[in-house]
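# Secondary and tertiary structure notes
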Amino acid sequence: MAAAPGRRRPAVLLWAALCLATALAVDRSNFKTCEQSGFCRRQRGLQPGHSPYRALLESLQLGPDAARLQLVNEATKVPLLLELWGLQGNVTRIRIKELNPLRPRFEVPDVLVAEPPAERLAVTGRDEGSLELSLGPAGHRLLVTEKPFRMDLLQGRELLCSVNARGLLFFEHLRQRRDSFSDKVSSSVGSLWDKIKTLFHRDTPREPTAEEGGATEEQEETTGGTEDAGNQSEKPTEATAEAAEEPGSWEETFKTHTDTKPNGPTSVGLDFSLPGFEHVYGIPEHADSLRLRTTRGGDPYRLYNLDVFQYELYNPMALYGSVPLLLAHSARRTLGIFWLNAAETWVDISSNTAGKTLFGKLLDYMQGGGETPQTDVRWMSESGIVDVFLLLGPTPAAVAGQYTALTGTQALPPLFALGYHQSRWNYNDEEDVAAVERGFEEHAVPCDVLWLDIEHADGKRYFTWDPSKFPRPRDMLERLAAKKRKMVSIVDPHIKVDSGYRVHNELRSRGFYVKTKDGSDYEGWCWPGSAAYPDFTNPEMRAWWASMFAYDQYEGSTENLFTWNDMNEPSVFSGPEVTMHKDAVHHGGWEHRDLHNLYGLYVQMATAEGQIQRSGGQHRPFVLSRAFFAGSQRYGAVWTGDNAAEWEHLKISIPMCLSFGLAGLSFCGADVGGFFKNPEAELLVRWYQAGAFQPFFRAHAHLDTARREPWLFGEENVALIRAAVRQRYALLPFWYTAFYRSHRHGLPVMRPLWMEYPEDTTTFAIDDQYMIDRALLVHPVTEQGARGVQVYLPGKGEVWYDVASHQKHHAPQTLYVPVTMSSVPVFQRGGTVVPRQERVRRSTECMRGDPFTLYVALSPQGTAEGDLFLDDGQSFDYKTKARYLHRQFTFAGNTLTASSADPQGSFDTPAWLERVVILGAGKPAAVVLRPADGSARLDFHHEAETSVLTLRKPGVRIGDDWAIILR
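These remarks concern the structure in this document. (Residues numbered from 1 in each chain as written. Predicted model: local features only at pLDDT ≥ 70, side-chain atom pairs only at ≥ 80, totals over all residues. Heavy atoms only, no water.)

### As for the overall build of the protein chain
The condition is simple: A run of H or I in DSSP becomes a helix once it reaches four residues, and a run of E becomes a strand once it reaches two; helices and strands are each numbered from the N terminus. Residue burial is assigned from relative accessible area. The probe radius is 1.4 Å, only protein chains are included, and a residue is buried under 20% of its type maximum, exposed over 50%, and partly exposed in between. We call two residues in contact whenever any of their non-hydrogen atoms come within 4.5 Å of each other. All accessible areas in this document rest on Shrake-Rupley with a 1.4 Å probe, and a residue is counted as covered only by the protein chains that are shown.
Of the regular secondary structure elements, the protein chain holds 19 helices and 51 strands. Burial analysis of the protein chain (967 residues in total) assigns 63% to the buried set. Contacts in the protein chain between residues far apart in sequence, at least 24 positions, make up 72% of those at least 6 positions apart. When the accessible surface of the protein chain is summed, it comes to about 34800 Å², and 50% of that surface belongs to carbon and sulfur atoms.

### Notes on the nonpolar core
We count it as follows: Side-chain atoms within 4.5 Å link the members of a nonpolar core, which is a set of buried Ala, Val, Leu, Ile, Met, Phe, Trp, Tyr and Cys residues.
In terms of nonpolar packing, the biggest core is built from 173 residues, with W545 and F622 touching the most fellow members. If we ignore the near neighbours within four places in the chain, the residues touching F622 are P414, F416, A417, H421, W451, V488, F562, T563, Q611, A637, F667 and F696. Membership of the second largest hydrophobic core comes to 49 residues, among which are A67, L69, L142 and V268.

### Looking at the sheet that holds strand 26 (residues 529-532)
Convention followed: Here, strands pair whenever DSSP counts at least two bridges between them.
The strand order across the open sheet built from three strands is 24-26-25, with neighbouring strands paired in antiparallel fashion. The open sheet has two edge strands, strand 24 (495-496) and strand 25 (523-526), and neither has a second partner.

### Side note on the environment of F277
With respect to the helices and strands, F277 occurs in the loop between strand 13 (268-275) and strand 14 (279-282). Taking the C-alpha atoms as reference points, F277 and R332, separated by 55 residues in sequence, lie 9.2 Å from one another. Once you skip the residues sitting within four places of it in the chain, F277 turns out to touch L160, A328, H329, S330, R333, L335, P373, Q374 and T375.

### Considerations on the sheet that holds strand 17 (residues 334-339)
As a reminder, the rule being used: Axes here refer to lines fitted to C-alpha atoms; in helices the fit is confined to the stretch in contact. Angles between the N-to-C directions go from 0 to 180 degrees.
In spatial order, the strands read 1-2-3-4-20-17-16-14; together these eight strands make up an open sheet with antiparallel pairing. Looking at the sheet topology across the chains shown, the edges are occupied by strand 1 (53-62) and strand 14. In this sheet, neighbouring strand axes are inclined to one another by 20 degrees on average, regardless of whether the strands run parallel or antiparallel. As defined by bridge partners, strand 1 adjoins strand 2 (residues 67-73) across six bridges and the pair is classed as antiparallel. Each residue of the ladder has a partner; that of A55, found in strand 2, is L71. In the packing of helix 7 (residues 396-407) onto the sheet, contacts are made with strand 4 (91-98), strand 16 (325-329), strand 17 and strand 20 (386-391), and the angle to strand 17 comes to roughly 25 degrees.

### Concerning the pattern of salt bridges
To keep things clear, this is the line we draw: The term salt bridge refers to a pairing of a side-chain nitrogen on Lys or Arg with a carboxyl oxygen on Asp or Glu at a separation within 4 Å.
One pass over the structure, following the stated rule, counts 72 salt bridges. For K582, the salt bridge identified is with E382, shortest N-O distance 2.7 Å. Note that K582 is positioned in the loop between strand 27 (561-565) and helix 12 (592-595) and E382 in the loop between strand 19 (374-381) and strand 20, a separation of 200 residues in sequence. Each member of the pair K582 and E382 is classed as buried. For R485, the salt bridge goes to E441, with nearest N and O atoms at 3.0 Å.

### Remarks on the packing of helix 8 (residues 430-442) against helix 9 (residues 473-482)
Heads up, the condition is: Here roughly perpendicular refers to angles of 65 to 115 degrees, roughly parallel to angles under 35, roughly antiparallel to angles over 145, and oblique to all remaining angles. Residues are grouped as follows: Ala, Val, Leu, Ile, Met, Phe, Trp, Tyr, Cys and Pro are nonpolar; Asp, Glu, Lys and Arg are charged; all remaining types, including Gly, are polar.
Closest axis-to-axis distance for the helix 8/helix 9 pair is 11 Å, and the angle between their directions is 5 degrees. When the axes of helix 8 and helix 9 are compared, the pair comes out roughly parallel. Contact residues: E430, V433 and E437 in helix 8; P473, M476, R479 and L480 in helix 9. Each residue belonging to the contact of helix 8 with helix 9 can be placed in one class, and the counts come to four nonpolar, no polar and three charged.

### Describing helix 7
Convention followed: Working rule for helices: expected span equals 1.5 Å times residues minus one.
Counted at 1.5 Å a residue, the expected span for helix 7 with its twelve residues is 16 Å, and the 17 Å between its end C-alpha atoms agrees. If you check which residues of helix 7 are buried, you get P396, V399, A400, Q402, Y403, T404, L406 and T407. Those residues of helix 7 that are buried are in contact with strand 4, strand 16, strand 17, strand 20, helix 17 (732-745) and helix 18 (753-756). Note on helix 7: the residue one or two positions beyond its end, G408, has a positive phi of about 100 degrees.

### Observations regarding helix 16 (residues 715-730)
Helix length check: helix 16 (16 residues) gives 22 Å between terminal C-alpha atoms against 22 Å at 1.5 Å per residue, within 8%. Where helix 16 is concerned, the buried positions are N717, V718, L720, I721, R722, A724, V725, R728, Y729 and A730.

### Quick word on the packing of aromatic side chains
Heads up, the condition is: Pairing of aromatic rings covers Phe, Tyr and Trp, the last through its six-membered ring, and needs centres within 6.5 Å; plane angles under 30 degrees mean stacked, over 60 mean edge-to-face, and all others mean tilted. For a ring to carry a charge above it, either NZ of a lysine or CZ of an arginine must fall within 6 Å of the ring centroid while also lying within 35 degrees of the normal to the ring plane.
Using the criterion set out here, one finds 42 aromatic pairs in the structure. Measuring from centroid to centroid gives 6.4 Å for Y757 and W800, while their planes differ by 50 degrees, and the two rings are tilted. With Y757 in the loop between helix 18 and strand 34 (770-772) and W800 in strand 37 (residues 799-802), the pair connects residues that are 43 residues apart, well separated along the chain. Counting every residue linked through ring pairs, the aromatic cluster contains F416, W451, F562, W564, F622, W639, F667, F696 and F739. Above the plane of the ring of F562 lies R614, whose end atom (NZ or CZ) is 5.2 Å from the centre.

### Brief notes about the side chain of S273
Put simply, the rule reads: Any pair of nitrogen or oxygen atoms within 3.5 Å is treated as a polar contact; in protein, a donor-acceptor pairing is required on top of that, and neighbouring residues in sequence qualify only through side-chain atoms on both sides.
Here S273 lies in strand 13. Residue S273 is classed as buried on the basis of its relative accessible area of 1%. Separated by 2.8 Å, the side chains of S273 and D376 make a polar contact.

### Some remarks on unusual backbone geometry
Cis peptide bonds are those with omega within 30 degrees of zero, and the linkage from K147 to P148 qualifies with -10 degrees. As for its position among the elements, P148 is in the loop between strand 7 (140-145) and strand 8 (150-155). Of note in this structure, M567 is not a glycine but carries a positive phi near 60 degrees. Within the element layout of this structure, M567 appears in the loop between strand 27 and helix 12. Overall, M567 belongs to the buried group, its relative accessible area being 3%. The phi dihedral of D773 is positive, around 55 degrees, even though this residue is not glycine. For D773, a relative accessible area of 3% gives the class buried.

### Observations concerning the side chain of Q604
Topologically, Q604 is positioned in helix 13 (residues 599-614). For Q604, a relative accessible area of 0% puts it in the buried group. A polar side-chain atom of Q604 sits 3.3 Å from the main-chain carbonyl oxygen of A637.

### Points about empty space enclosed by the protein
Rules: A cavity here means a set of 1 Å grid points, computed over protein atoms only, where a 1.4 Å probe fits but cannot escape. A pocket is an open set with protein on both sides within 12 Å along at least 5 of 7 lines, and lining residues have an atom within 4 Å of a point. Grid points are joined across faces, edges and corners, and a volume is the space filled by probe spheres set on the points.
Following the criterion strictly, the structure yields eleven cavities of 30 Å³ or more and no others. If you add up the space inside the largest cavity, you get close to 130 Å³. In terms of lining, the largest cavity is formed by 15 residues, of which the most central are K32, H257, D259, P576 and K582. When residues of the lining of the largest cavity are traced back to their parent elements, those giving at least two are strand 11 (251-254) and strand 12 (257-260). The class makeup of the residues in the lining of the largest cavity is four nonpolar, five polar and six charged.

### Topic: the state of the cysteines
Condition: Throughout, disulfides are identified as pairs of cysteine sulfur atoms within 2.5 Å of each other.
Summed over all chains, the structure comprises two disulfides. Between C34 and C40 runs a disulfide, and the two sulfur atoms are separated by 2.0 Å. Judged by the sign of its S-S torsion, about -100 degrees, the cystine formed by C34 and C40 is left-handed. In this structure C34 comes out as buried when scored by relative accessible area, which is 3%. C40 gets classed as buried once you look at its relative accessible area, which sits at 0%. Two residues share a disulfide in this structure: C657 and C668, whose sulfurs sit 2.2 Å from each other. The chirality of the disulfide connecting C657 with C668 is left-handed, given an S-S dihedral of about -75 degrees.

### Here we look at the pairing of strand 44 (residues 885-892)
The sheet contact formed by strand 43 (residues 864-870) and strand 44 spans seven bridges and is antiparallel. In the sheet register, D867 faces strand 44, and the bridge partner there is Q888. Bridge count for strand 44 against strand 45 (residues 895-900) is six bridges, and the pairing is antiparallel. Considered in strand 45, the bridge of A892 is made with T895.

### Quick notes on the packing of helix 15 (residues 681-691) against helix 16
Helix-helix packing is characterised by the crossing angle of the two axes and by the distance between the axes. Across the interface, helix 15 lies against helix 16 with an axial gap of 8 Å and an inter-helix angle of 10 degrees. Viewed along their axes, helix 15 and helix 16 adopt a mutual orientation that is roughly parallel. Contacts between helix 15 and helix 16 involve A681, L684, V685, Y688, Q689 and G691 from the former and N717, L720, I721, A724, V725 and R728 from the latter. Within the contact of helix 15 with helix 16, the residues separate by chemical class into eight nonpolar, three polar and one charged.

Set out below in structure tokens:
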């Protein structure tokens, strides 16, 4: 239960919270294992084998957009409703819920942006124990087997996925509690009456009651009589019929916290078998390798948003965010499983051939092959329903598009957000902020944003400023704006319980706080001391929260102040597993257990909407969130949380961000330098070099760490950091264009090699190097004292160019690259064009209108192509008024041409083309520029040793059509 307010002094509370943080850094016992989670233990206790579920094929109802039929658990006699959709774009949706639940079960809202139009389904085959459904024109077929229930999804003769092939469907139906005093009396009286009736009606078998799992009259009517479901006159044993007697079903205690479960056991679980797949990815957030490992002999991967201080690496523990999307990839195809459930979820993964179903082995035989690998995936959630989308690809790009068509693409960030961010807990006061800002000027390190953590607020009352440390916040923000810089302040979703605090008083008077099971406002301990938690699941509360970002509500705020939502798992220092009690009650009467993983998404959603509203709907928001769920990509950026200044944490940031990207969250980064502990200079430099090539680029540090602004480590190191940051800024046109394409089409900006080279099996387990869009391959140096790195260059018949030396390398090969402290191994793919802006500026806003340089890396065929997206970098005008330029650059036949990639857009910019660098080119006799109004010869320089041709000052506007011809 939440602690009562006012029982301890705030200083003592803060000390206790910090002690808890220290304990959590080393004590895994503060977080549950599967064995300690009652529903996970029950679900996992069900072993593969004979499933009790049977499909009532005769109940099939085929509508214009969906097929519906009933399932029955032959042990409990409880009927379920199975719904099937074949959706356009190669997506199949499967939903299983109770046919007649005692009360509604939670179904996840606000995550799906749209459902693709449904294909018309048709029955294409039927026999005594199965039926076949056609799922649309792509040739997908679904075989539904009656007993035991299972489904097999095929395309032609290829088996793509089997559902419940291992018999692990486990749906705990809602029921009355049977161990209360009144229930025991009723049971005793009922039992006595049964005996009396039996004396007079010995020839009539006894039907099970509804409470025991038998069908009610209403259920009998809708199922057409459950006599057809098997021998239902036999009463099931308690072991198979109900889980009510198992400890933890109706009440569960972890450490000192007791979770009351008024609805009893409500978990759902289902297994999927993926023949032909050895490699699976996704389901962030975990501090683990990119390729998911088998969970046999250990815990499943857990999805349950938690505040985990200084998390451990390479284990399946839950972290700050959860996206229930798993991708499977082979050289033949890619597919995805999107499990739409916001409750605590565990995912078991096993990989073998022995567990393959008879049907799968038959398919092997039919296809003329021997034993092929198979991965089995089992999803287990505490409540809700089974609602799953099978994303059938067949390519990695297709799966990314299918997922983001459902949940939305990455929001296009304002341009400044792609620059460098400087943060720590905390910059002390206005003078400290000014000194840090001057440091970037004096040391010529570009920087766009300074950040303020929780100490900036008045007693950690968010939407306020400490009157002694930040007495003139508007003046401070205006000074930053004059230097073309921004600020981000933290606004957390725990609100100090204080009758003198306007935000708290409004939330309480409006009834906008989460409630306890007894109906009072839910309170717990967090940074301010006693805190209450706004109910972000309530649309009215979200609208009120958004209104708080108006300039007249958030006093001292200006248009260059943006927001960081931390602690929004939600974090409750006094709660079970440092989060909210599961029996807390939200808007609509839903328990917190039903929607826990949605809370952080709603916080970021409401905050982003507030920033949009404050500008009258004109400007794009920037909101960083620690907690996330499917769909969070629509609202801003995420990061990997409270990491540490250790080499292994630098290394793990790469697979973590790659996993985020696979789950739609392209705008990801890690705290440069590590949040906890103090990095030595080498680690800090290497982290800046790595961070400069990750989507979100922010340095951040804990309150107890030494100051680590870039210039505090000596001139040699600040020069290395300066070079890394400048390299980031030079590539901002490329980054921004990549984000635009991600926003339009759903592909991650930072992506694993196998997404670009899906048939190259060497790439499938690589997670220490990656692609940025399709053009740059990056292998950060993540080993202490490294003298070289092994870089795999993929692509049969392709070439790659070292970005630093311009040396050409043929692929595929593993290349040993010697490194010094200044080295960041980056390679440009032959056949691509990368735009840059290479003039040194203090911030992105200062780069507006600067000239461009095009780096044209020729393929072995002497071709290349690339593009550039330009707009004002801050507004929605690109979308609402078509105010943008999308330029296409193509090199073929010794001619570089510029044309419009999208004639619908227009945008006036003074920016011009300053230079063209062509990699892999011979020396021409002459170079001729042909703009729209004539032609002119260009000066050029050719470097014979590296085959680099540099064209100087073409001088054409970047938005014009033109051609450059090499003669």
